[in-house]
Amino acid sequence: MKEIAFTGWLVALICGAAGGCMAQEPASTEAPAAQPGGTQALNLPVSSTMTCGEFKALLKDDKRTGGTSILWLDGYYSGRVGLTDFPAGWLRTVSQGIGGTCAISANEHRTVLDVIGQLHRDYAGQK
């Protein structure tokens, strides 16, 4: 049951980061490239020092890793500052907040972790 809940949460995260999801036929370029031996390519590594510029490039190259990076970085931040509770709809708030903030070219060198911290202070009521 926990796996189903996590999968639904992850899908919502990826949809929020991608600007919304709707039913459509998958394009041939959306499938991960097959590796020798029949294994799928792994997600790209995510750094805690990732900048908005790196995040935007990641979304262009690998949307799955982009969504996973939001999830991982928010969890990393929350663990570091001791947050355990989040308001309803937080996943959408953090996904759209990172996407909107990082889309501004002046924020290209700002770290995504800094953006997440600002979102927690501004929208989650956490100081």
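Residues numbered from 1 in each chain as written. Predicted model: local features only at pLDDT ≥ 70, side-chain atom pairs only at ≥ 80, totals over all residues. Heavy atoms only, no water.

### Observations regarding the packing of helix α3 (residues 63–81) against helix α5 (residues 112–123)
To characterise two packed helices, one gives the angle between the axes of the helices and the distance between these axes. Relative orientation of the contacting elements α3 and α5 amounts to 65 degrees, with a least axis distance of 10 Å. Relative to α5, α3 is oriented so that their crossing is right-handed. The segment α3 lies against α5, with Leu73, Asp74, Tyr76, Tyr77, Ser78 and Arg80 engaging Val112, Leu113, Ile116, Gly117, His120 and Arg121. Here the residues of the contact of α3 with α5 are counted per class, giving six nonpolar, three polar and three charged. (Axes fitted to C-alpha atoms, helices over the stretch in contact; angles between N-to-C directions. Helix = DSSP H or I, 4+ residues; strand = E, 2+ residues; numbered from the N terminus. Left-handed = near helix turned anticlockwise from the far one by under 90°. Contact = heavy atoms within 4.5 Å. Nonpolar A, V, L, I, M, F, W, Y, C, P; charged D, E, K, R; others polar.)

### A look at the environment of phenylalanine 86
Residue placement: phenylalanine 86 occurs in the loop between α3 and α4 (90–102). Along the sequence, phenylalanine 86 and histidine 120 sit 34 residues apart, while their C-alpha atoms lie 9.0 Å from each other. Once residues within four sequence positions are removed from consideration, phenylalanine 86 is found in contact with Asp74, Ser78 and His120.

### Remarks on the side chain of aspartate 74
Positionally, aspartate 74 belongs in helix α3. Only 2.7 Å separates the side chain of aspartate 74 from the side chain of histidine 120, close enough to count as a polar contact. Beyond its immediate stretch of four places on either side in the chain, aspartate 74 contacts Phe86, Trp90, Val94, Ile116 and His120. (Polar contact = N/O pair within 3.5 Å; in protein donor to acceptor, adjacent residues only side chain to side chain.)

### Observations concerning the pattern of salt bridges
Evaluation of the coordinates by the stated rule reveals one salt bridge. Between aspartate 114 and arginine 110 there is a salt bridge, and its shortest N-O distance comes to 2.6 Å. (Salt bridge = Lys/Arg side-chain N within 4 Å of Asp/Glu carboxyl O.)

### As for α3
Given a rise of 1.5 Å per residue, 19 residues ought to cover 27 Å, and the 27 Å separating the end C-alpha atoms of α3 matches this to within 8%. Every buried residue of α3 is listed here: Thr65, Gly66, Gly67, Ser69, Ile70, Leu71, Leu73, Asp74, Tyr77 and Ser78. Of the residues flanking the end of α3, it is glycine 82, one or two places downstream, whose phi is positive at about 80 degrees. (Expected span 1.5 Å × (residues − 1). Buried < 20%, exposed > 50% of the residue type's maximum accessible area, 1.4 Å probe, protein only.)

### As for the nonpolar core
Counting residues in hydrophobic clusters, the biggest one holds 19 residues, and the most contacted among them are Phe55, Val94, Ile98, Val112 and Ile116. Listed by contribution, the elements that provide at least two residues to this core are α2 (52–61), α3, α4 and α5. No other element matches α5, which puts five residues into this core. Non-local contacts of valine 94, meaning those with residues more than four positions away in its chain, are made with Ile70, Asp74, Ile116 and Leu119. (Core = buried A, V, L, I, M, F, W, Y, C linked by side-chain atoms within 4.5 Å.)

### Remarks on the packing of aromatic side chains
Tallying each qualifying case throughout the model produces two aromatic pairs. Their ring planes at 10 degrees and their centres at 5.1 Å tell us that tryptophan 72 and tyrosine 76 sit as a pair that is stacked. Taken together, the residues tryptophan 72 and tyrosine 76, both in helix α3 and four residues apart, mark about one turn of the helix. Seen from their ring centres, phenylalanine 86 and tryptophan 90 are 6.4 Å apart, and the 15 degrees between their planes marks the pair as stacked. (Phe/Tyr/Trp six-rings, centres within 6.5 Å; stacked < 30°, edge-to-face > 60°.)

### Re the environment of threonine 101
Its place among the elements puts threonine 101 in helix α4. It is 9.1 Å that separates the C-alpha atoms of threonine 101 and valine 112, two residues lying 11 residues apart in sequence. Aside from chain neighbours lying at most four places away, what touches threonine 101 is Asn107, Arg110 and Val115.

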